[in-house]
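# Secondary and tertiary structure notes
Here is what each chain is made of, one letter per residue.
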Amino acid sequence: VAVTARRSVLHQSQCRPGLGCGVRLRHSAGSRPGRRLLGGLFASEGATDVADVPDMVTIEFADTLKKKMEAQWGRGADEWWKSHFYAPSATFEDPVSSAKGPESIQKLHSLINESSLFTAASLKVHDVQSVGKGRVRARFALVMTVKILPWRPRVSFTGVSTYWIGQDGKVTRHVDEWDSASNAMEAVADALGPCGLWRKGGGSLNCPEITLLRRGKEYDVKKVEPHRSVEAAFTKFTKQSAQESVYKYLQGANALQKVMRLSSPLMVIYQDDVAKEAQYLSCILPGVYGSGELEPPMPFEASVLGFAKRSGGTYASVTLPRESDYGGSWVSAENVFGAKAKLRACMLRDGFMAGEGWRLVRYSDAQGNEGAMYEVWIPISSLEMRANHLVSATEEGYKLP
């Protein structure tokens with residue numbers, strides 16, 4: 001976790017696409033209030049008098065914050081509240097709720113964590129930063145299961161927590177800002193769509209682990225671990241046969257006649273940005289074969305299928321509406337390339353440097369099914385996911401080169 005103990009200043013000469021989202025906010029007397037930030041609300045300046053708080057208090061608080069935030073969620077979190085994290089008069093607010101005092105904050109928290117509504121909550125902290133005396137920010141990703149719905153969907157939220165602390169190191173104010181919603185109406189719209197409330201939960205088919213770093217209003221940022229995959233080269237005229245070859249391999253058409261569980265996602269890999277013809281259909285190998293612990297069995301169709309070691313990486317992604325296409329149950333080319341162009345424009349606006357190529361990603365088994373979900377992924381070659389918000393490149397004070 002990166003901890004920055006000094007006040008962060010954004011200079012125009014420092015903010016350029018190659019810096020990814022490691023841009024820092026200006027905190028100076030000349031800054032205009034109300035600057036629009038990606039991700040929703042931002043905490044107002046001067047809400048708490050922290051002029052007398054020593055820097056060391058802030059640094060020590062930031063140094064332990066990641067562990068404390070993650071321990072607040074999941075089973076056994078009741079013990080966490082005995083640590084007196086909040087001051088007696090502390091306040092909490094997020095886009096849909098607010099509370100005052102540790103007991104009220106705990107009651108609000110208990111509605112989400114291991115309650116009659118939600119279960120299996122897990123919070124990951126990706127970065128912590130001190131942003132001045134007595135103020136610390138942390139970027140988080142929260143995932144939980146909605147157990148009151150029969151299909152038990154797994155929903156996710158990402159954002160930034162800002163803490164104001166007093167001289168005793170206790171939190172006097174805590175503000176959560178979500179990337180996907182800045183008020184109650186936006187939160188409802190998000191729940192009905194992108195957050196995943198209407199998608200069936202259950203066991204994960206993701207091989208390897210895919211970590212959500214940011215789920216925003218327009219696109220997401222996720223990290224994919226290195227993996228091995230079985231792949232087939234194809235064109236739009238041979239997509240169906242390539243798809244069938246991958247499926248047969250997983251169903252036992254291999255040297256060991258081993259049946260492997262169908263993994264997800266299935267990826268169509270484009271090697272460069274301008275090509276509209278895919279080079280490879282790639283299916284991540286499941287279990288120990290995907291992690292590289294064991295060599296996968298050779299396919300019967302060795303002239304069609306091969307293995308690849310993919311390095312993983314960080315990607316910007318956007319979800320597509322599902323339509324029928326010429327090769328089966330896939331999305332239309334018009335939607336795919338339209339979404340890719342829009343995603344690339346968003347990345348440019350927000351200061352992400354795109355890598356080579358892109359992917360059409362399908363969350364289903366190799367044959368596909370009626371519940372398949374599709375995304376466009378563009379690799380990010382320069383990324384520093386920091387606790388500060390992404391500052392829009394279209395805002396005053398920053399011009400694209």
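Residues numbered from 1 in each chain as written. Predicted model: local features only at pLDDT ≥ 70, side-chain atom pairs only at ≥ 80, totals over all residues. Heavy atoms only, no water.

### Observations regarding the pairing of strand β4 (residues 135–146)
Rule in force here: Burial status follows relative accessibility: with a 1.4 Å probe on protein chains alone, a residue under 20% of its type maximum counts as buried, one over 50% as exposed, and anything between as partly exposed. In DSSP terms, a helix is any run of H or I states spanning at least four residues, a strand is any run of E spanning at least two, and both are numbered starting from the N terminus. Note on pairing: DSSP must find at least two bridges between two strands before they are called paired.
In terms of residue burial, β4 counts as a mostly covered element, since 11 of its 12 residues are buried. What sits between the antiparallel neighbours strand β3 (residues 118–130) and β4 is a turn of four residues, in which Gly132 has the positive phi angle 125°. When β4 meets strand β5 (residues 154–165), the two strands line up antiparallel, connected through 11 bridges. Pairing of Leu142 across the sheet is with Phe157, part of β5.

### Here's the deal with the pattern of salt bridges
Applicable threshold: A pairing counts as a salt bridge when a side-chain nitrogen of Lys or Arg comes within 4 Å of a carboxyl oxygen of Asp or Glu.
A full pass over the atoms with the stated rule returns 10 salt bridges. Note that Asp179 and Arg139 form a salt bridge whose closest N and O atoms lie 2.9 Å from each other. Taken as a pair, Asp179 in the loop between β6 (171–178) and α3 (184–191) and Arg139 in strand β4 lie far apart in primary sequence, 40 residues in all. Take Asp179 and Arg139: they sit in the same class, and that class is buried. Among the salt bridges present, the one from Arg214 reaches Asp179, with a minimum N-O distance of 3.8 Å. Of this pair, Arg214 sits in strand β7 (residues 210–215) while Asp179 sits in the loop between β6 and α3, placing them 35 residues apart in sequence. The residues Arg214 and Asp179 share a single accessibility class, namely buried.

### Here's the deal with unusual backbone geometry
Excluding glycine, most residues fall at negative phi; most peptide bonds, likewise, are trans. In this structure, His84 is a non-glycine residue whose phi angle is positive, near 55°. Position of His84 relative to the elements: it lies in the loop between α1 (55–71) and β1 (86–93). On the accessibility criterion, His84 (55% relative accessible area) is exposed. For Gln257, which is not glycine, the phi dihedral falls at a positive 50°. Note on placement: Gln257 falls in the loop between α4 (239–250) and β10 (266–270). For Gln257, a relative accessible area of 60% puts it in the exposed group.

### Some points on the layout of surface pockets
Formally: Only protein atoms enter the calculation, which uses a 1 Å grid: trapped sets of points that fit a 1.4 Å probe without letting it out are cavities, open sets showing protein on both sides within 12 Å along at least five of seven lines are pockets, and any residue with an atom within 4 Å of a point is a lining residue. Grid points are joined across faces, edges and corners, and a volume is the space filled by probe spheres set on the points. When residues are grouped by polarity, Ala, Val, Leu, Ile, Met, Phe, Trp, Tyr, Cys and Pro land in nonpolar, Asp, Glu, Lys and Arg in charged, and all others, Gly among them, in polar.
Empty space within the second largest pocket amounts to approximately 840 Å³. Around the second largest pocket, the lining comprises 35 residues; the ones closest to its centre are Asp94, Ile112, Met144, Phe157 and Trp178. When its residues are assigned to classes, the lining of the second largest pocket shows 27 nonpolar, five polar and three charged.

### Describing the sheet that holds β5
Filter applied, for reference: Note on geometry: axes are C-alpha line fits, over the in-contact stretch for helices, and angles between N-to-C directions span 0 to 180 degrees.
What the six strands build is an open sheet, ordered β2-β1-β6-β5-β4-β3; its pairing is mixed. Two strands close off the open sheet at either side, each with one partner strand: β2 (98–100) and β3. Strand-to-strand, the axes of this sheet are offset by a mean angle of 20°, without reference to chain direction. Where β1 and β6 come together, four bridges link them in parallel fashion.

### Some thoughts on the side chain of Asp220
Test applied: Working convention for charge: Lys and Arg count positive, Asp and Glu count negative, and His plus the chain ends are omitted. By definition, residues are in contact when any of their heavy atoms lie within 4.5 Å.
The topology assignment puts Asp220 in strand β8 (residues 220–224). Despite its burial, Asp220 pairs with no opposite charge, the nearest such side chain being Lys222 at 4.8 Å. Look past the residues within four positions of Asp220 in its chain and what remains in contact with it is Leu212, Arg214, Arg215, Tyr315, Ala316 and Ser317.

### Observations concerning the nonpolar core
The test is simple: Throughout this description, the term nonpolar core refers to a set of buried Ala, Val, Leu, Ile, Met, Phe, Trp, Tyr and Cys residues connected via side-chain atoms within 4.5 Å.
Of all hydrophobic cores here, the largest spans 37 residues; its most connected members are Leu320, Val336, Leu343, Leu360 and Val376. Looking at this core, the elements with two or more residues in it are β9 (227–233), α4, β10, β11 (280–284), β13 (313–320), α6 (333–350), β15 (358–363) and β16 (373–382). Considering every element that reaches this core, the biggest residue donor is α6, with six residues. Ignoring any residue separated from it by four or fewer positions in sequence, one finds Leu320 in contact with Val331, Asn335, Val336, Ala339, Leu360, Tyr374, Glu375 and Val376. Counting 34 residues, the second largest nonpolar core, distinct from the first, contains Val57, Leu65, Ile105 and Trp178.

### Let's talk about the pairing of β15
Two faces make up the sheet, and in a regular strand the side chains alternate between them. In terms of residue burial, β15 counts as a mostly covered element, since six of its six residues are buried. Of the two faces of β15, the one carrying Trp358, Leu360 and Arg362 and the one carrying Arg359, Val361 and Tyr363 are both buried. Note: β10 against β15, five bridges, orientation antiparallel. Note that in β15 the partner of Tyr270 across the bridge is Trp358. The pairing of β15 with β16 spans five bridges and is antiparallel. Residue pairing in the sheet places Tyr363 in a bridge with Met373 of β16.

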